Amino acid sequence: MRSLRLSSLALTAALAMTMTACGGDDGDDEVAAPPVDTAPEFAAGSRMAELAEAGKITVGTKFDQPLFGLKGLSGEPEGFDVEIAKIIAGKLGIAEDDITFVESVSANREPFLEQKRVDMVVATYTINDKRDMVVDFAGPYFQAGQDILVAKGNPKGIDGPESLKGKKTCSVAGSTPAETLQTEYGLTTADLQLVDVYTKCRDALANGQVDAVSTDNVILSGYVDAAPDDFELVGKPFTEEPYGIGIPEGQEDFCDFINETLAESVQDGSFEEAFKATAGKVIDTVPTLPAPRGCDK
Amino acid sequence: MDAVLDNLDVFAEGFTRTVTLTLLAAVGALLLGTLIAAMRVSPVPPLRWAGTAYVQLVRNTPLTVVFFLVVFGLPEVDVILSFFQFAVLALSLYTAAFVAEAVRSGILSVPSGQAEASRAVGMTFGQTLRLVVLPQAFANIVPPLASVFIALLKNTSIAGAFFIFEGTQSMARLINANGDQAIAILAAAALAYLGLSLISSALFGLLERRVTVSR
């Protein structure tokens, strides 16, 4: 169910990436590197000790997701997911340069973890039961949700999914957001204008051919970021997509460590700093860290 | 199979739109295509050039690009139609190029003595084309036109990527909701297209026999 939506997302984001690259607006807000612990100590034999000993870590992330994991012309992935990975690596005593980022698209996240080709996956990775059967999740560190994008000034007065009836709403055909609007909020095929990639929705909204675009707020935020004079977010997410950090099964110590690190990063301000430098450019309020779901199976 | 049988209404809505799109675009393409073919054989050079340019330009452009230009390009110059009208327009413009070539081949198949005789008895170019050449031309091009319109039927699936809820979009929706039965749903969609194509073939076969007899 999710793969179609996310592969379309990948396409969209790839297009968005090209646009961002053209805009050339990056560079001036370089993120300060999170602190790297010099000599962290871990119990012998723990997963953390192994990684600290090796002095390097392989992280799966997205390369095409604006604000979360986007690899632009600089060649270095940038975004909130990337910063979270750096915070965790820092606590292991691993410097930014010793992190190897590997592109993890939606379809290969579980296989990468099962085959241990990556040590962890931070890639807008929604925690759900099916995935939890084959990998373990630390976190969540962010709560995404389906939201609505409208033209600047919200001329149609759209304030939630209920007010989309009788208006033209664009989304991707065969995606979970479109299905949610149809089954939960009673939109008909006349209300919904469906395409294959989200960039078409964005263009149609810019032209005034549709009244709204609806999918995960993370995707929509990227469009607001690129064209703040044209679009705005309604800002009331109506589904829950908790993003977790995927690790291979059977590494409970590592999972606990990540959850502790996330909690510490909130206290020392690095979580807020990471957010403000990335997704916070579009989402005003720094989110509170969601309660950890626990590492016991 | 349950996912298909329980959702026949979704399929029906989608494929009904596929048929409507095909019929409307076929009419549009036939009219525009005949006009362009007439331009290509006309005695006026600029008309001939324009007709040739249209065929070369449109026939060598992917349909997806034509859709992009129509759906997102026209609003830039303040031509705002409904998405359905845009889809019919894009499909008509595209298919017209192929119809034009089929019609032109039909026109060329009519012996030139026919046109010369018409001109000799005082008919204008328009009268010659309308009363003498085109009726014979159309009788000759039923098989290639059938191919063009069956291609059009399948091409309507591109509209599914441009805001139109047609056959393939209904399929995509059902697969998302029933990921475990994706193959059955794909097979059902393929069968629907096959059924519609076979019906068109049969109708064109009927037409072919009719016009051949009348000659």
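Here the structure is a predicted model, which means the values were calculated and not measured. (Residues numbered from 1 in each chain as written. Chains lettered and ligands numbered in written order. Predicted model: local features only at pLDDT ≥ 70, side-chain atom pairs only at ≥ 80, totals over all residues.)

## Observations concerning the overall build of chain A
Then, number 1: Scanning chain A for helices and strands turns up 10 helices and 13 strands.
Then, number 2: For chain A, the residues scored as buried account for 47% of the 297 residues in total.
Then, number 3: Taking as baseline every contact in chain A between residues at least 6 positions apart, the subset at least 24 positions apart corresponds to 74%. (Helix = DSSP H or I, 4+ residues; strand = E, 2+ residues; numbered from the N terminus. Buried ≥ 20, exposed ≤ 12 C-beta atoms within 10 Å, placed from the backbone. Contact = placed C-beta atoms within 7 Å.)

## Comments concerning the overall build of chain B
Then, number 1: Helix and strand counts for chain B stand at 10 helices and zero strands.
Then, number 2: Shown N-terminal to C-terminal, the secondary structure of chain B runs as helices and strands in the order α-α-α-α-α-α-α-α-α-α.
Then, number 3: A total of 215 residues make up chain B; the buried ones form 37% of that total.
Then, number 4: Counting only contacts in chain B whose residues sit at least 6 apart along the sequence, the fraction spanning at least 24 positions is 77%.

## Observations concerning the sheet that holds strand 6 (residues 120–126) of chain A
As a general point, the strands of a sheet are linked pairwise by backbone hydrogen bonds and lie either parallel or antiparallel.
Residue and element names in this part refer to chain A.
Then, number 1: The five strands are arranged 5-1-6-13-7 in an open sheet whose pairing can be described as mixed. Across the chains shown, the open sheet's two edge strands, defined by having one partner strand only, are strand 5 (99–103) and strand 7 (136–144). The average angle at which neighbouring strand axes cross in this sheet is 25°, direction not considered.
Then, number 2: Taken together, the three bridges between strand 6 and strand 13 (residues 241–247) define a ladder with antiparallel strand orientation. (Pairing = 2+ DSSP bridges. Axes fitted to C-alpha atoms, helices over the stretch in contact; angles between N-to-C directions.)

## Some thoughts on the packing of helix 3 (residues 80–91) of chain A against helix 10 (residues 270–277) of chain A
Residues and elements named next belong to chain A.
Then, number 1: Close contact between helix 3 and helix 10 brings their axes to 9 Å; oriented N to C, the two are set at 155°. Considered as vectors, helix 3 and helix 10 are oriented roughly antiparallel to each other. Helix 10 is crossed by helix 3, and the crossing has right-handed handedness. Residues Phe 80, Glu 83, Ile 84 and Ile 87 of helix 3 lie in contact with helix 10, whose contacting residues are Ser 270, Ala 274 and Phe 275.
Then, number 2: The class makeup of the residues in the contact of helix 3 with helix 10 is five nonpolar, one polar and one charged. (Parallel < 35°, antiparallel > 145°, perpendicular 65-115°, else oblique. Left-handed = near helix turned anticlockwise from the far one by under 90°. Nonpolar A, V, L, I, M, F, W, Y, C, P; charged D, E, K, R; others polar.)

## What to know about the interface of chain A and chain B
Then, number 1: Listed by partner, the interface residues are 15 residues for chain A and 16 residues for chain B.
Then, number 2: Those elements giving two or more residues to the side of chain A that touches chain B turn out to be helix 6 (176–183), strand 10 (192–195) and helix 7 (198–207) of chain A.
Then, number 3: Ranked by residue count, the leading element in the side of chain A that touches chain B is strand 10 of chain A, at three residues.

## Quick look at the confidence of the model for chain A
Residue and element names in this part refer to chain A.
Then, number 1: The predicted model of chain A has a mean per-residue pLDDT of 84, with 88% of residues at 70 or higher.
Then, number 2: Of all the helices and strands in chain A, helix 1 (residues 2–23) carries the lowest mean pLDDT, 44, while strand 1 (residues 57–61) carries the highest, 96.
Then, number 3: Confidence over residues 1–29 falls short of pLDDT 50; this stretch has 52 contacts with residues more than four positions distant or in other chains. (pLDDT = per-residue confidence, 0-100.)

## Observations concerning the sheet that holds strand 9 (residues 169–172) of chain A
Residue and element names in this part refer to chain A.
Then, number 1: With mixed pairing, five strands are arranged side by side in an open sheet as 10-9-11-8-12. Either end of the sheet is taken by a strand with one partner, and the two such strands are strand 10 and strand 12 (231–233). The sheet shows a mean angle of 30° between the axes of neighbouring strands, taken without regard to direction.
Then, number 2: Two strands pair when backbone bridges link them, and strand 8 (residues 146–151) and strand 12 are joined in this way by three bridges, in the antiparallel orientation. Bridge assignment links Ala 151 to a residue of strand 12, and that residue is Phe 231.
Then, number 3: Lying on the sheet, helix 6 is in contact with strand 8, strand 9, strand 10 and strand 11 (212–216); it crosses strand 9 at an angle near 135°.
Then, number 4: Sheet strands touched by helix 8 (residues 217–226): strand 8, strand 11 and strand 12. Its angle to strand 12, the strand with the most contacts, is close to 150°.

## Describing the packing of helix 2 (residues 8–41) of chain B against helix 9 (residues 167–177) of chain B
Residues and elements named next belong to chain B.
Then, number 1: Between helix 2 and helix 9, the least distance of the axes is 7 Å, while the angle of their chain directions is 155°. Between helix 2 and helix 9, the angle falls in the class roughly antiparallel. From helix 2, Val 10, Phe 11, Glu 13, Gly 14, Phe 15 and Thr 18 reach across to helix 9, where they touch Gly 167, Gln 169, Ser 170, Arg 173 and Leu 174.
Then, number 2: A per-class count over the contact of helix 2 with helix 9 returns four nonpolar, five polar and two charged.

## Thoughts on unusual backbone geometry
Residue and element names in this part refer to chain A.
Then, number 1: Looking along the chain, the bond that leaves Gly 139 and enters Pro 140 is cis, with omega of 5°.
Then, number 2: For Thr 124, which is not glycine, the phi torsion reads 35° and is therefore positive.
Then, number 3: Position of Thr 124 among the secondary structure elements: in strand 6.
Then, number 4: According to the C-beta neighbour criterion, Thr 124 is buried, with 26 such atoms within 10 Å.

## Description of helix 7 (residues 125–140) of chain B
Then, number 1: At Val133(B), helix 7 of chain B is bent by approximately 50°, the largest bend along its length, and proline Pro135(B) sits one to four residues beyond.
Then, number 2: Residues of helix 7 of chain B that are buried: Leu129(B), Val133(B), Ala137(B) and Asn140(B). (Bend = angle between axes of the 7 residues up to and from the residue.)

## Some thoughts on the pairing of strand 7 of chain A
Each regular strand displays side chains that alternate between the two surfaces of the sheet.
Residues and elements named next belong to chain A.
Then, number 1: Most of strand 7 is tucked away, with eight of its nine residues classed as buried.
Then, number 2: Relative to strand 13, strand 7 runs antiparallel, the two being bridged by six bridges. Bridging from a neighbouring strand, Phe 137 pairs with Gly 246 of strand 13.

## Quick word on the confidence of the model for chain B
Then, number 1: Looking at chain B as a whole, the pLDDT averages 93, with 98% of positions reaching at least 70.
Then, number 2: With a pTM of 0.69, the predicted complex shows an ipTM of 0.74.

## A word on the environment of Ser147(B)
Residues and elements named next belong to chain B.
Then, number 1: With respect to the helices, strands and loops of the structure, Ser 147 is situated in helix 8 (residues 142–155).
Then, number 2: The exposure class assigned to Ser 147 is partly exposed, which follows from the 13 C-beta atoms found within 10 Å.
Then, number 3: The spacing of Ser 147 and Val 99 is 48 residues in sequence and 10.0 Å in space, taken between C-alpha atoms.

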